[in-house]
Amino acid sequence: MEAPKGRKLFVGGNWKSNGTLKFVTEHIHNVVNKLDFDEDNVEVMVSPLFIHLPLAAGILDKKIILSAQNISPFAKGAFTGEIAAEHLKDLGIKWTIIGHSERRSHFTESDDRCAQKVVEAQKEGLNVVLCIGEKLEEREAKKTWEVCKRQLDAVVAKKVDWKTIVIAYEPV
């Protein structure tokens with residue numbers, strides 16, 4: 001498979017809420033760092049748990065992009081348990097996932113909340129994998145485009161820099 005001229009294919013692996021220090025170490029050494037791909041045409045990203053980002057950063061081959069799975073919609077402050085974009089920047093992390101279907105459904109993150117996270121990420125110079133997609137019942141009701149447009153419109157309204165955003169279509 002080849003990307004359109006001037007673009008690269010982008011492949012991401014979200015490890016969700018899985019893995020231990022041992023797993024991360026072994027998986028990176030035995031699988032991720034051994035991936036063979038054409039860096040001129042493909043970018044590969046992995047997203048381990050936040051607590052594993054420093055470990056992964058220290059052992060991950062530089063050809064692999066390291067990403068957080070989520071960020072706070074707020075700058076640093078009194079937001080217990082939240083990870084601000086500034087915190088990721090401080091760790092040297094340059095990417096984050098925003099709007100994952102599990103965040104939208106299990107944590108009831110609205111389109112506007114996801115858009116605010118994009119704004120916060122961009123304030124700190126982070127790149128974003130923006131997840132959009134419909135639920136099965138919305139697909140069956142033929143509302144796929146309506147849902148995806150609504151999710152994108154929330155971000156468009158924030159006047160963001162689209163050059164730092166990769167859109168990931170992930171229907172639920």
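Above this text sits the structure in question.
Residues numbered from 1 in each chain as written. Predicted model: local features only at pLDDT ≥ 70, side-chain atom pairs only at ≥ 80, totals over all residues. Heavy atoms only, no water.

Give a detailed account of the overall build of the chain, specifying residues and quantitative values.
If you tally the helices and strands in the chain, you get 7 helices and 6 strands. The helix and strand sequence of the chain, counted from the amino end, reads β-α-β-α-β-α-β-α-α-β-α-α-β. For 172 residues, the compact-globule formula gives about 16 Å, and the C-alpha radius of gyration of the chain, at 16 Å, lands near that figure. Principal axes of the C-alpha set define a box for the chain whose edges measure 45 × 45 × 30 Å. Counting every position in the chain, which comprises 172 residues, the buried fraction comes to 39%. Long-range contacts, defined as pairs at least 24 residues apart, comprise 70% of the intrachain contacts of the chain with a sequence gap of at least 6. Of the roughly 10200 Å² of accessible surface on the chain, a fraction of 54% belongs to carbon and sulfur atoms. (Helix = DSSP H or I, 4+ residues; strand = E, 2+ residues; numbered from the N terminus. Rg over C-alpha atoms; globule rule 2.2 N^0.38 Å. Buried < 20%, exposed > 50% of the residue type's maximum accessible area, 1.4 Å probe, protein only. Contact = heavy atoms within 4.5 Å. Areas by Shrake-Rupley, 256 points an atom, 1.4 Å probe, with all protein chains shown as cover.)

Provide a residue-level description of the pairing of strand 2 (residues 42–47), including the pertinent values.
Across the 6 residues that make up strand 2, a large majority, 5, are buried. Pairing geometry for strand 1 (residues 9–14) and strand 2, over 6 bridges, is parallel. Opposite valine 11, over in strand 2, you have valine 44 as the bridge partner. Taken together, strand 1, helix 1 (residues 21–30) and strand 2 form a β-α-β motif whose crossover is right-handed. One ladder, built from 3 bridges, connects strand 2 with strand 3 (residues 64–68); its direction is parallel. Looking at the pairing, valine 46 lines up with leucine 66 of strand 3. At this point the chain moves from strand 2, through helix 2 (residues 53–59), to the parallel strand 3, and the crossover so formed is right-handed. (Pairing = 2+ DSSP bridges. Right-handed = clockwise from strand over helix to strand, strands pointing away.)

Describe the sheet that holds strand 1, naming the residues involved and giving the relevant values.
Pairing in this open sheet of 6 strands is parallel, and the strands run 1-2-3-4-5-6 from one edge to the other. Edge positions in the open sheet fall to strand 1 and strand 6 (165–169), since each of these has one partner strand only. Neighbour to neighbour, the strand axes of the sheet diverge by 30 degrees on average, direction disregarded. Taken strand by strand, helix 5 (residues 111–123) contacts strand 4 (95–98), strand 5 (127–132) and strand 6, and its axis lies near 170 degrees from that of strand 4. The sheet strands contacting helix 7 (residues 144–156) are strand 5 and strand 6, and the helix crosses strand 5 at an angle near 150 degrees. (Axes fitted to C-alpha atoms, helices over the stretch in contact; angles between N-to-C directions.)

Give me helix 7: which residues, what numbers.
If you check helix 7, its first and last C-alpha atoms are 18 Å apart, about what 13 residues at 1.5 Å a residue would give, namely 18 Å. For helix 7, the full list of buried residues reads Thr144, Val147, Cys148, Gln151, Ala154 and Val155. Projected onto a plane normal to the axis of helix 7, the buried residues spread over an arc of 120 degrees and lie on a single side. Exposed and oriented more than 90 degrees from the buried face of helix 7 are Trp145, Glu146 and Lys149. Taken together, the buried residues of helix 7 touch helix 4 (101–106), helix 5, strand 5, helix 6 (136–140) and strand 6. (Expected span 1.5 Å × (residues − 1). Arc of directions from axis to C-beta.)

Before we move on, could you go through the packing of aromatic side chains and cite the residues and values that matter?
With the rule as written, the count across this model stands at 3 aromatic pairs. When the centroid spacing of 5.8 Å and the interplanar angle of 75 degrees are considered together, the rings of tryptophan 15 and phenylalanine 23 count as edge-to-face. Ring centres of phenylalanine 74 and phenylalanine 79 lie 4.3 Å apart, and the angle between their planes is 5 degrees; on these two criteria the pair is classed as stacked. What makes phenylalanine 74 partly exposed here is its relative accessible area of 32%. In this structure, arginine 103 packs its charged tip against the face of phenylalanine 107, placed 4.2 Å from the ring centre. (Phe/Tyr/Trp six-rings, centres within 6.5 Å; stacked < 30°, edge-to-face > 60°. Lys NZ or Arg CZ within 6 Å of the ring centre and 35° of its normal.)

Account for the layout of surface pockets, naming residues and giving values.
Empty space within the largest pocket amounts to approximately 480 Å³. The wall of the largest pocket is formed by 19 residues, among which Leu49, Phe50, Gln69, Asn70 and Arg103 lie closest to the centre. Considering each element in turn, the lining of the largest pocket owes the most residues, 3 residues, to helix 4. Within the lining of the largest pocket, the residues separate by chemical class into 7 nonpolar, 8 polar and 4 charged. (1 Å grid on protein atoms, 1.4 Å probe; cavity = no way out; pocket = protein on both sides within 12 Å on 5 of 7 lines; lining within 4 Å. Points joined across faces, edges and corners; volume = space filled by probe spheres on them. Nonpolar A, V, L, I, M, F, W, Y, C, P; charged D, E, K, R; others polar.)

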